[in-house]
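So you can see what is in the structure, the chains are spelled out below.
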Amino acid sequence: MTSATTARQRQWKTYALLVPIVFFSSAGNVLLGKGMRQIGDVRDWRLAELGALLVKTFTNGWVWLGIGSLLLFLVSFMVVLTWADYSFVMPASATSYALVTVMSHWALGEVVRPQRWAGVVLICLGVAFVARTPSSSRGGK
Amino acid sequence: MQTALFLSIVVLGNTFGEVAVSHAMKEVGEVRSFAFRSLLDFLRRAFREKWFWLGIGLLALSFFSQLALLSWEDVSFVIPATALSYVTGALAAKWLLGEHLSPRRWAGILFVSVGVALVSLS
């Protein structure tokens, strides 16, 4: 197998794994946001209050769904990093910003201003630039 | 002030945590098969790397700080604002992991950063 073929395969493997990375990190954050909203503000830092907050946090179904999504994100992220550059995967996964903005607007009903939408467009442009660079700058083990 | 402090912990914990995990994964070696058994074997090898656990510790610190932050700030502010870690991450990839960042990749990261600034300031 030529090194060009290997590089091309790695590029496609990287693109494929970016799908679960982006999806599970977005879903995880939105689900956690929904769960934490139900729990309320953290304004009291006394130990007993923090203990009660931890109990409320870890008995919330949305928080557990969020944690499950983030664990799936972590495994996908670990796998892709066995061959891909961190400086490729990290900005490429910024696509999740667009998803989080859209999902928090739809699922949580948060108001998203036009400036934020413009920022999301710029982030997507940046991701498009990064996606056109080789995902791995080393031979790998 | 409380928001700025928690945001700093989230960003730096995330960057150094991911850099440590990235270093550990390169030590484990490229995953070539996506069969369930191969993935289990990959996880077993990954869990033996001390850099992995250091990274997980830092990511956990970042995660719990983010949980707290999400309890008083909008998710559509918190998540875009924590994207500052894309800038610190690029610098760490170059200086700590020795990765080659081409001009095009830097340009992409610059776009992402400006986009993040816009999102965070609005």
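Up top you'll find the structure we're talking about.
Quick caveat: nothing in here was measured; it's all calculated off a predicted structure.

About the criteria used
- Residue indices follow the written sequence of each chain, beginning from 1 at its first position.
- Lettering for chains starts from A, numbering for ligands starts from 1, and both go in the order in which the items are written.
- Given that the model is predicted, a residue must reach a pLDDT of at least 70 before its local features are reported, and side-chain atom pairs must reach 80 or more before they are shown or counted; all residues, however, enter totals for whole chains, interfaces and linings.
- With hydrogens and water excluded, all non-hydrogen atoms of the structure serve as input to the side-chain values.
- Working definition: helices are DSSP H or I runs of at least four residues, strands are E runs of at least two. Numbering for both runs from the N terminus.
- Residue burial is assigned from relative accessible area. The probe radius is 1.4 Å, only protein chains are included, and a residue is buried under 20% of its type maximum, exposed over 50%, and partly exposed in between.
- Note on contacts: a residue pair is in contact if any heavy atoms of the two residues lie within 4.5 Å.
- Take a side-chain nitrogen of Lys or Arg and a carboxyl oxygen of Asp or Glu: if they are within 4 Å of each other, that pair is a salt bridge.
- When two components associate, each loses some accessible surface as probed by a 1.4 Å sphere; the sum of these losses over both components is called the buried area.
- Any pair of N or O atoms that falls within 3.5 Å is considered a polar contact. Within protein, one atom must be able to donate a hydrogen and the other to accept it, and sequence-neighbouring residues count only if both atoms are side-chain atoms.
- Here the term charged refers only to Asp, Glu, Lys and Arg, the term nonpolar to Ala, Val, Leu, Ile, Met, Phe, Trp, Tyr, Cys and Pro, and the term polar to all other amino acids, Gly among them.
- Only buried residues count toward a nonpolar core, which is a set of Ala, Val, Leu, Ile, Met, Phe, Trp, Tyr and Cys residues joined through side-chain atoms within 4.5 Å.
- Axes here mean lines fitted to C-alpha atoms, for a helix over just the part in contact, with angles spanning 0 to 180 degrees between N-to-C directions.
- Each crossing is labelled by how the near helix is turned from the far one, with a counterclockwise turn of less than a right angle marking it left-handed and a clockwise turn marking it right-handed.
- What the arc covers is the set of directions going from the helix axis to the C-beta atoms.

Visitor: Tell me about the overall build of chain B, residues and numbers included.
Guide: The secondary structure content of chain B amounts to 6 helices and 0 strands. If you list the helices and strands of chain B from N to C, you get α-α-α-α-α-α. The 122 residues of chain B split such that 53% are buried. In chain B, the proportion of contacts linking residues at least 24 apart, taken out of those at least 6 apart, comes to 72%.

Visitor: For the pattern of salt bridges, give the residues involved together with the corresponding values.
Guide: Enumeration over the complete set of coordinates arrives at 8 salt bridges over all chains. One salt bridge connects Arg37(A) with Glu110(A), and the closest N-O pair in it is separated by 3.9 Å. Highlighted residues: Arg37(A) in helix H1 (residues 3-39) and Glu110(A) in the loop between helix H5 (95-107) and helix H6 (114-131), separated in sequence by 73 residues. Where Asp85(A) meets Arg105(B), a salt bridge forms, and the shortest distance between an N and an O atom there is 3.0 Å. Note that Asp85(A) is positioned in the loop between helix H3 (61-80) and helix H4 (86-92) and Arg105(B) in helix H6 (residues 103-121), a pairing that runs across two chains. Of the residues examined, Asp85(A) reaches a relative accessible area of 0% and is grouped as buried. Overall, Arg105(B) belongs to the buried group, its relative accessible area being 2%. Several salt bridges converge on common partners, so that one network encompasses Arg10(A), Lys13(A), Glu30(B) and Arg32(B).

Visitor: Go over the interface of chain A and chain B with me, naming the residues and quoting the values.
Guide: Taken residue by residue, the interface counts 59 residues in chain A and 62 residues in chain B. For the chain A and chain B pair, buried surface summed over both sides reaches about 5300 Å², with 66% attributable to carbon and sulfur atoms. Inspection of the chain A/chain B interface yields 4 salt bridges. Across the chain A-chain B interface, the total number found is 16 residue pairs in polar contact (both at pLDDT 80 or more). Of all the secondary-structure elements, those providing two or more residues to the side of chain A that touches chain B are H1, helix H2 (47-58), H3, H4, H5 and H6 of chain A. When grouped by side-chain class, the residues that make up the side of chain A that touches chain B number 32 nonpolar, 15 polar and 12 charged.

Visitor: I'd like to hear about the environment of Tyr86(A), residue by residue, with values.
Guide: Residue and element names in this part refer to chain A. Relative to the helices and strands, Tyr86 is located in helix H4. Using a relative accessible area of 0% as the deciding quantity, one classes Tyr86 as buried. Placed 26 residues apart in sequence, Tyr86 and Asn60 show a C-alpha to C-alpha distance of 33 Å.

Visitor: Lay out the nonpolar core with the relevant residues and their values.
Guide: One recurring pattern in soluble globular proteins is that nonpolar side chains are buried together. Met78(A), Val80(A), Val89(A), Ile123(A), Met25(B) and Phe42(B) are the most contacted members of the largest nonpolar core, which has 46 residues in total. Looking at which element gives the most residues to this core, the answer is H3(A), with 6 residues. If we ignore the near neighbours within four places in the chain, the residues touching Val89(A) are Leu18(A), Ile21(A), Phe77(A), Val80(A), Leu81(A) and Ala84(A). Formed by 19 residues, the second largest nonpolar core is a distinct cluster that contains Ile39(A), Val10(B), Phe77(B) and Ala81(B).

Visitor: Could you give an account of the packing of helix H1 (residues 2-28) of chain B against helix H5 (residues 85-95) of chain B, with specific residues and numbers?
Guide: Residues and elements named next belong to chain B. In the contact formed by H1 and H5, the axes pass within 9 Å of each other and the chain directions differ by 35°. Crossing of H1 against H5: the hand is right-handed. Residues Val11, Asn14, Thr15 and Val19 of H1 lie in contact with H5, whose contacting residues are Ser85, Thr88, Gly89 and Ala92. Looking at the contact of H1 with H5 residue by residue, the class counts come to 3 nonpolar, 5 polar and no charged.

Visitor: Residue-level account of H5(B), with values.
Guide: The complete set of buried residues in H5(B) reads Ser85(B), Tyr86(B), Gly89(B), Ala90(B), Ala92(B) and Ala93(B). Considered in projection along H5(B), the buried side chains sweep an arc of 165° and stay on one side of the axis.

Visitor: How would you summarise the packing of H3(A) against helix H3 (residues 50-70) of chain B if you had to cite specific residues and measurements?
Guide: Two numbers describe how H3(A) lies on H3(B): the axes approach to 14 Å, and their chain directions differ by 145°. In the packing of H3(A) onto H3(B), the handedness of the crossing is right-handed. Residue-level inspection shows Ile67(A), Leu70(A), Leu74(A) and Met78(A) of H3(A) in contact with H3(B), the latter providing Phe52(B), Ile56(B), Leu59(B) and Phe63(B).

Visitor: With reference to specific residues and values, describe the side chain of Ser135(A).
Guide: Structurally, Ser135(A) is set in the segment after H6. According to the relative accessible area criterion, Ser135(A) is buried, its value standing at 1%. Not counting chain neighbours up to four residues away, the residues in contact with Ser135(A) comprise Arg10(A), Gln11(A), Thr14(A), Ala84(A), Asp85(A), Phe88(A) and Arg105(B).

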